[in-house]
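Next come the chains, spelled out residue by residue.
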Amino acid sequence: MVETGSDDAYLLHPVGRVASSLTDAASAPRQGDEGAPPAWLVFDPLVERALRDLRVGAELLVLTWLDRARRDVLAVHPRGDQTRPETGVFSTRSPHRPNPIGLHRVRVLAVDGLRVEVADLEALDGTPILDVKPVLGAADER
């Protein structure tokens, strides 16, 4: 991890986990719209009230903790392509970065209690979910 000279620490508590048939990063799509299978967001009962207004068809931003990513990587060849120039991770979607927070735009397929089925999620099975936010349109005021 990058040393910033600060003793600040932030504690995050996952609100759930991803349940997916994707178990291996090497064979998973790099982005959700590149063939990711449907997956379930399985939430902790403590956040049940937070789920009450989710609807089929809604678009969400799911923030995850990419728990299998490396945290010491600062530059990569985009998409692992060695013919492309090395690029700083803040200019890429690489999962390997100082704070491996995943950002995934998904569409709700089903809502079943503490489980929400989504399309276009490339996160691996068991990935911790940090938060969920709606994708806002011009008329939304949430």
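Scroll up a little and you will see the structure.
We now turn to the structure provided with this report. (Residues numbered from 1 in each chain as written. Predicted model: local features only at pLDDT ≥ 70, side-chain atom pairs only at ≥ 80, totals over all residues. Heavy atoms only, no water.)

Some thoughts on the side chain of Ser 20
Put simply, the test is: Here a helix means four or more residues in a row that DSSP labels H or I, a strand means two or more in a row labelled E, and each is numbered from the N terminus. Between N or O atoms, a polar contact is any pair within 3.5 Å; within protein, one atom must be a potential hydrogen donor and the other a potential acceptor, and residues adjacent in sequence are included only when both atoms are from side chains. By the convention used here, residues are in contact when the closest approach between their heavy atoms is within 4.5 Å.
Looking at the secondary structure, you find Ser 20 in the loop between β1 (16-19) and β2 (39-43). Among the polar contacts listed, one links the side chain of Ser 20 to the backbone nitrogen of Leu 22, at a separation of 3.0 Å. Excluding residues that lie within four positions of it along the chain, Ser 20 makes contacts with Ala 39, Ala 123 and Asp 125.

Notes on the sheet that holds β1
Formally: We call two strands paired when DSSP finds no fewer than two bridges between them. Note on definitions: angles span 0 to 180 degrees between N-to-C directions of axes, and those axes are lines fitted to C-alpha atoms, for helices only across the stretch in contact.
Spatial strand order, β1-β2-β7-β6-β3-β8: six strands in a closed barrel with antiparallel pairing. Sheet twist, expressed as the average angle between the axes of neighbouring strands with direction ignored, equals 45°. Sheet topology note: the β2/strand β7 (residues 115-119) ladder contains four bridges and is antiparallel. Its bridge partner lying in β7, Trp 40 is registered against Glu 117.

What to know about the nonpolar core
Quick reminder of the rule: Among the buried residues, those of types Ala, Val, Leu, Ile, Met, Phe, Trp, Tyr and Cys that are joined through side-chain atoms within 4.5 Å form a nonpolar core. Buried residues are those whose accessible area, probed at 1.4 Å on protein chains only, stays under 20% of the maximum for their type, while exposed residues exceed 50% and partly exposed ones sit between those limits.
In terms of nonpolar packing, the biggest core is built from 16 residues, with Leu 41, Phe 43, Val 116, Leu 121 and Ile 129 touching the most fellow members. Excluding anything up to four places from it in sequence, Ile 129 contacts Pro 14, Val 15, Gly 16, Arg 17, Val 18, Leu 41, Val 42, Phe 43, Val 62, Leu 63 and Thr 64.

Considerations on unusual backbone geometry
For Asp 120, which is not glycine, the phi dihedral falls at a positive 75°. With respect to the helices and strands, the residue Asp 120 is situated in the loop between β7 and β8 (128-134).

Observations concerning the packing of aromatic side chains
Definition in use: Aromatic pairs are defined between Phe, Tyr and Trp rings, using the six-membered ring for Trp, whenever the two ring centres lie within 6.5 Å; interplanar angles under 30 degrees are classed as stacked, those over 60 as edge-to-face, and all others as tilted. Distance and angle both matter: a charge sits over a ring if NZ of Lys or CZ of Arg is within 6 Å of the ring centre and within 35 degrees of the ring normal.
Applying the stated rule across the entire model yields zero aromatic pairs. The residue whose ring lies beneath Arg 115 is Trp 40, and the NZ or CZ to ring-centre distance is 3.9 Å.

Some words on the pattern of salt bridges
Condition: Salt-bridge detection follows one rule: a side-chain nitrogen of Lys or Arg within 4 Å of a carboxyl oxygen of Asp or Glu.
Using the criterion set out here, one finds five salt bridges in the structure. Here Glu 59 makes a salt bridge to Arg 105, at a shortest N to O gap of 2.6 Å. Here the residue Glu 59 occupies a position in strand β3 (residues 59-65), and Arg 105 occupies one in strand β6 (residues 101-112), the gap between them amounting to 46 residues. Among the ionic pairs, Asp 131 bridges to Lys 133, the shortest N-O distance being 3.9 Å. Exposure remark for Lys 133: the relative accessible area of 43% places this residue in the partly exposed category.

Concerning the environment of Glu 122
On the secondary structure map, Glu 122 appears in the loop between β7 and β8. There is a polar contact of 3.2 Å between the side chain of Glu 122 and the side chain of His 104.

Quick word on the side chain of Arg 97
Applicable threshold: Asp and Glu are treated as the negative residues and Lys and Arg as the positive ones, with His and the ends of the chain left uncounted.
Secondary-structure assignment places Arg 97 in the loop between β5 (87-88) and β6. Although Arg 97 is buried, it makes no salt bridge; Glu 122 carries the closest opposite charge, 11 Å away. Engagement of the side chain of Arg 97 in a polar contact is seen with the backbone oxygen of Val 89, the distance being 2.8 Å. Discounting chain neighbours no more than four positions away, the residues touching Arg 97 are Arg 70, Arg 71, Val 73, Val 89, Phe 90 and Thr 92.

Observations regarding the environment of Asp 72
Along the chain, Asp 72 falls in the loop between β3 and β4 (75-76). We classify Asp 72 as partly exposed; its relative accessible area is 49%. Taking the C-alpha atoms as reference points, Asp 72 and Arg 97, 25 residues apart in sequence, are found 6.5 Å from one another. Side chain to side chain, Asp 72 and Arg 70 meet in a polar contact 3.1 Å long.

By themselves, these figures tell us nothing about what the structure is for.
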